[in-house]
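Each chain, letter by letter, is given below.
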Amino acid sequence: MDKTSRDIVRDELNSLTSAAKQTFSQIQSFAIAETWKILQLLVASTVRIIENVATDLAGSEKKELAMEVIENFYDTIFTHIDLPFLPSAIESVLHQYIKKILMILVDSAIDAMVATLKDVGVFTKESIEIQTEKQKPYEDFLTHIGKITGDILL
């Protein structure tokens with residue numbers, strides 16, 4: 001059975017998630033600021049992967065796929081987000097609300113990134129062909145994680 005572009009994107013992002021999970025294996029909790037920075041980087045990588053691979057999908061389908069894989073990443077990686085000055089018991093109750101808020105921000109970040117990249121001509125056929133010859137987006141993602149986490153992991 002041939003893989004669809006959705007399957008290829010999911011596989012690529014699953015590889016990214018697995019690599020990130022291994023990278024973050026020593027971290028017990030994430031600060032909300034770190035979480036948002038990582039999600040922003042993930043949005044950029046996800047948009048790049050989808051634009052390179054899922055050329056057969058409509059814009060709304062691409063966004064739906066992006067949200068799906070980013071939520072999967074979030075659920076896999078961010079099991080505990082540390083909110084300063086709150087007891088752990090309250091943090092665990094608020095975790096689902098934090099996710100909802102961050103996913104609203106991710107949704108907006110996807111729209112903004114796609115609009116900006118289209119406006120500056122990044123998503124032309126020629127530029128996509130050049131991007132596919134470069135380093136894989138998940139390798140870029142993992143390379144930049146060290147900057148966010150203060151190089152404590154890499």
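These numbers were taken from a predicted model, which means no experiment stands behind them. (Residues numbered from 1 in each chain as written. Predicted model: local features only at pLDDT ≥ 70, side-chain atom pairs only at ≥ 80, totals over all residues. Heavy atoms only, no water.)

(A) Structural detail: the overall build of the protein. The helix and strand inventory of the protein stands at six helices and two strands. Along the protein, from the amino end to the carboxyl end, the secondary structure elements read α-β-α-α-β-α-α-α. Looking at the protein as a whole, 41% of its 154 residues are labelled buried. When contacts within the protein are restricted to residue pairs at least 6 apart in sequence, those whose partners lie at least 24 apart make up 79%. Of the roughly 8800 Å² of accessible surface on the protein, 56% is carried by carbon and sulfur atoms. (Helix = DSSP H or I, 4+ residues; strand = E, 2+ residues; numbered from the N terminus. Buried < 20%, exposed > 50% of the residue type's maximum accessible area, 1.4 Å probe, protein only. Contact = heavy atoms within 4.5 Å. Areas by Shrake-Rupley, 256 points an atom, 1.4 Å probe, with all protein chains shown as cover.)

(B) Molecular detail of helix 1 (residues 5-23). With 19 residues, helix 1 extends 27 Å between its outermost C-alpha atoms, agreeing within 8% with the 27 Å of an ideal straight helix rising 1.5 Å per residue. S5, R6, V9, E12, L13, L16, T17, A19, A20 and T23 are the residues of helix 1 that are buried. Take helix 1 and look down its axis: the buried residues cluster within an arc of 165 degrees, on one side only. (Expected span 1.5 Å × (residues − 1). Arc of directions from axis to C-beta.)

(C) A look at the pattern of salt bridges. Scanning all chains against the criterion turns up nine salt bridges. A salt bridge links R10 to E68; the shortest N-O distance between them is 2.6 Å. Here R10, found in helix 1, pairs with E68, found in helix 3 (residues 59-77); they are 58 residues apart in sequence, far enough to count as distant. Judged by its relative accessible area of 35%, E68 is partly exposed. For D111, the salt bridge goes to K63, with nearest N and O atoms at 2.8 Å. Note that D111 is positioned in helix 4 (residues 88-119) and K63 in helix 3, a separation of 48 residues in sequence. Shared partners join several salt bridges into a network, and the residues in it are D7, R10 and E68. (Salt bridge = Lys/Arg side-chain N within 4 Å of Asp/Glu carboxyl O.)

(D) Up close: the layout of surface pockets. Of the volumes computed, that of the largest pocket is approximately 180 Å³. Listing elements by their share of the lining of the largest pocket, those giving two or more residues are helix 2 (32-53), helix 3 and helix 4. (1 Å grid on protein atoms, 1.4 Å probe; cavity = no way out; pocket = protein on both sides within 12 Å on 5 of 7 lines; lining within 4 Å. Points joined across faces, edges and corners; volume = space filled by probe spheres on them.)

(E) Representation of the confidence of the model for the protein within the structure. Predicted confidence across the protein gives a mean pLDDT of 81, with 78% of residues reaching 70 or more. Considering each helix and strand of the protein separately, the mean pLDDT is smallest for helix 5 (residues 125-133), with a value of 49, and largest for helix 3, with 94. Scored below 50 in pLDDT, residues 127-135 makes 14 contacts in the model with residues more than four places away or belonging to other chains. (pLDDT = per-residue confidence, 0-100.)

(F) Up close: the packing of helix 2 against helix 3. Two numbers describe how helix 2 lies on helix 3: the axes approach to 10 Å, and their chain directions differ by 140 degrees. Classified by the angle their axes make, helix 2 and helix 3 are oblique. Here helix 2 runs over helix 3; the crossing is right-handed. Where helix 2 approaches helix 3, its residues T35, I38, L39, L42, V43, T46, I50 and E51 are matched on the opposing element by K62, L65, A66, V69, I70, F73 and Y74. Taken together, the residues of the contact of helix 2 with helix 3 break down into eleven nonpolar, two polar and two charged. (Axes fitted to C-alpha atoms, helices over the stretch in contact; angles between N-to-C directions. Parallel < 35°, antiparallel > 145°, perpendicular 65-115°, else oblique. Left-handed = near helix turned anticlockwise from the far one by under 90°. Nonpolar A, V, L, I, M, F, W, Y, C, P; charged D, E, K, R; others polar.)

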